Amino acid sequence: MGAGTLIRPTPLKSSPLSQQRPPPGPPTPGYHSSNSISIPRSSTPVKASSSLNSQGDYRGPKPKREWVADWVSQNDDVVRSLPIYVGGLSLLAVLVNRTISGIAPVADASSSQSRADLLTLGLAVTNILNGLVWLSIRPKSVSAVNPEGVECQSICPLLPDFISSELLWVWESLSDATCCRSLIIVYDKRVILQIGFATASSNTHDAVVVDVDKLMKGSLYQGALKSKSQSYLANLSLYPAKSELPFLPPNTQAVILQPLGDKGLAIIGGDMIRGFTTSDQAWITLVGEKLDATLAK
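Small disclaimer: the values here were computed from a predicted structure and weren't measured. (Residues numbered from 1 in each chain as written. Predicted model: local features only at pLDDT ≥ 70, side-chain atom pairs only at ≥ 80, totals over all residues. Heavy atoms only, no water.)

(A) Seen up close, the environment of Asn127. When you line up the elements, Asn127 lands in helix α4 (residues 112–136). Judged by its relative accessible area of 27%, Asn127 falls in the partly exposed class. Between the alpha carbons of Asn127 and Gly88 there is a distance of 8.5 Å; along the sequence they are 39 residues apart. (Helix = DSSP H or I, 4+ residues; strand = E, 2+ residues; numbered from the N terminus. Buried < 20%, exposed > 50% of the residue type's maximum accessible area, 1.4 Å probe, protein only.)

Dropping the structure here:
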């Protein structure tokens, strides 16, 4: 082809497929497009799988039971005295064996039988002593106690309504979710909340008023603010500094001291030794931070 020749566009011929394609509209019965995929459908309806059978029983995985642990917990006295029985039977077996075998009752160091009997006697005595120790030392059962005192609810009247509402929310949350039975919040050198159980006054039988000046000079208050971290007294009766908390009921079992920034402290008294779990302590820390942010306003 020489230069300057005019190139005319040539119309493309329609393909056989395009000629066979039906016009748009409702599909023609019995017609299947070449580009469509036929998906067979089952005439039987498929039921959704469920973990419940026809009778409503659960068919999923069931928790594994520890048969040995359950038996030991249900037969605690038998298990603790078992070493005594084993040791006693061992002593009896050694004496019977010594008698039947015809060996002299006097122990002879040169005899292998005598050395074996001495080892058996030592193991038997050890089992008996171990059983006596198990019977004498038992874990102390811990249970909640009823606070000895009077119930009180004192909120500082100078606080705005939204702060008073949040303080009551903190008390309701702690008393419902944990073993908390007493709550005292000191902020900016004054008591803004005293709620729950408190020591009864000997004269008026009312709740003992918190002496803020004496409390702030105590080692518990100063130590909590200095460390800026939560202090957990799991067994309050073991701490001599419990005398700094005379406003709490005398039989308060555990106390949490939660600092509220640099200006305050929340004193939470519980009715059970080691009653505040690790999750409770972490949650109380977050509640203290939120309360400090609210009071700072």
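(B) Molecular detail of the packing of aromatic side chains. Following the criterion strictly, the structure yields one aromatic pair and no others. With a centroid separation of 6.0 Å and an interplanar angle of 85°, the aromatic rings of Tyr232 and Phe276 are classed as edge-to-face. Taken together, the residues Tyr232 in strand β4 (residues 231–233) and Phe276 in the loop between β6 (264–270) and α8 (278–295) connect sequence positions 44 residues apart. By relative accessible area, Phe276 is classed as buried at 3%. Just above the ring of Trp169 sits the side chain of Lys290; from NZ or CZ to the centre is 5.5 Å. (Phe/Tyr/Trp six-rings, centres within 6.5 Å; stacked < 30°, edge-to-face > 60°. Lys NZ or Arg CZ within 6 Å of the ring centre and 35° of its normal.)

(C) Broad picture of the side chain of Ser175. With respect to the element layout, Ser175 can be found in helix α5 (residues 161–177). One polar contact links the side chain of Ser175 to the main-chain carbonyl oxygen of Trp171, over a distance of 2.9 Å. Setting aside its immediate chain neighbours within four residues, Ser175 contacts Cys180 and Arg181. (Polar contact = N/O pair within 3.5 Å; in protein donor to acceptor, adjacent residues only side chain to side chain. Contact = heavy atoms within 4.5 Å.)

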